[in-house]
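Observations on the three-dimensional arrangement
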Amino acid sequence: MRKKRVSLTQHLIEAHRTSHNIPEALRLLLEVVGRACKTIGSAVGKGALGDILGSTQTENIQGEVQKKLDILSNQILLESNEWGGYLGAMASEEMETIHPISNDYPKGKYLLLFDPLDGSTNIDVNVSIGTIFSVLHAPETGQTPSESDFMQPGSKQVAAGYALYGPQTLLVLTTGNGVNCFTLDREMGSWVLTQPNLMIPEDTSEYAINSSNYRFWHPPVQRYIREMQEGATGLLGKNFNMRWVGSMVTDMHRILNRGGIFMYPADTRNPSQAGRIRLLYEANPMAFIVEQAGGAATDGHNRLMDIQPKRLHQRVPVFLGSKNEVARITRYHSEP
Ligand code: FBP
């Protein structure tokens, strides 16, 4: 018996019938983002054959050398979303300021934020990378949005998701009604629902952190990792495994599927920067997805999605994943 396939469009239309929170403009926006991610995935898959590997001579606002694919992915998302009439403006890790929709096109009632290619250091060595995106409401005034209109806490997101360009090309999405994973049927060019209602196990035996930074971490994080490394012989009485891909989307997808905790803490290397992960277009969308899948997401003290942003590219320490592990390391931050 042929298994019935549910497309991204059918899923969003049917989800709206019960949730009433996916109006047509939001559905059409998410379908456009899905198409843009297919285009990015196609470019990623070409590798050296597409003359898109390697770095440019430019740096982004983060001071990071931009890879050719960073620029191309950013351009694909801008061009795909410019004309549809669903957005007031966009913001990207790769652009210093916001990108208002030009007056050549109608303006819509959403704001789209994205890290067009997350895990950039992996591009040239064929390790999975991804695109992370977040959708907020634009100001109802109908005025051209300003940067301050983007300064909304993660709890205001109406949708968030990521594409993962790996052995399979996946799209993971939440609109506040759970988390659903779609697999790209490369022959048909369509997103097919393959994992409905993903839930993160509340406990885990696996953690993700760049352990080479141990000497720079603050005591609560050093304590937490030391206890996990002591395993069954230590306080926790069980052994842990460690994974660190260097691509947040890849690590988070593993955590969504089999549990775990992703950590990028603040450290003493650069006290003015609170770690590496950016709040608006990396931490917040991932936090929305994690919470919708029954997990937790904090900065060590506060729920990530409660943080009031102050700057477009501000960074934040992140602890995301299995609820009970996030609770434990968050507790360690408040203990003497
Ligand atoms: P980019 O979005 O610039 O790639 O930075 C984010 C990131 O690549 C995450 O995807 C990844 O988890 C982290 O940085 C790796 O950091 P590090 O190289 O310090 O381990």
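In what follows, the accompanying structure is described. (Residues numbered from 1 in each chain as written. Predicted model: local features only at pLDDT ≥ 70, side-chain atom pairs only at ≥ 80, totals over all residues. Heavy atoms only, no water.)

1. Here we look at the site of the ligand
Neighbouring the ligand are 16 residues, the closest being Asp118, Gly119, Asn210, Met248 and Tyr264. Protein chains bury 91% of the 470 Å² of accessible surface belonging to the ligand in isolation. Among the elements of the structure, strand E5 (110-118) and strand E13 (261-264) are those that each provide at least two residues to the shell around the ligand. Split into classes, the residues belonging to the shell around the ligand amount to four nonpolar, five polar and seven charged. Split by domain, the residues of the shell around the ligand number at least three in each of domain 1 (8-195) and domain 2 (206-334). (Near = heavy atom within 4 Å. Areas by Shrake-Rupley, 256 points an atom, 1.4 Å probe, with all protein chains shown as cover. Helix = DSSP H or I, 4+ residues; strand = E, 2+ residues; numbered from the N terminus. Nonpolar A, V, L, I, M, F, W, Y, C, P; charged D, E, K, R; others polar. Domains from an automatic or database assignment.)

2. Details of helix H7 (residues 323-334)
Taking 1.5 Å per residue, 12 residues should reach 16 Å; H7 reaches 17 Å between its end C-alpha atoms and fits that length. Buried residues of H7: Glu325, Val326, Arg328, Ile329, Thr330, Tyr332 and His333, and no others. Contact partners of the buried residues in H7: helix H4 (219-230), E13, strand E14 (296-298) and strand E15 (318-321). (Expected span 1.5 Å × (residues − 1). Buried < 20%, exposed > 50% of the residue type's maximum accessible area, 1.4 Å probe, protein only. Contact = heavy atoms within 4.5 Å.)

3. A word on the side chain of Thr174
Mapping Thr174 onto the fold places it in strand E8 (residues 169-174). Among the polar contacts listed, one links the side chain of Thr174 to the backbone oxygen of Gly178, at a separation of 2.7 Å. Leaving out residues up to four positions away in the same chain, Thr174 has contacts with Val158, Ala159, Ala160, Val179, Phe288, Ile289 and Gln292. (Polar contact = N/O pair within 3.5 Å; in protein donor to acceptor, adjacent residues only side chain to side chain.)

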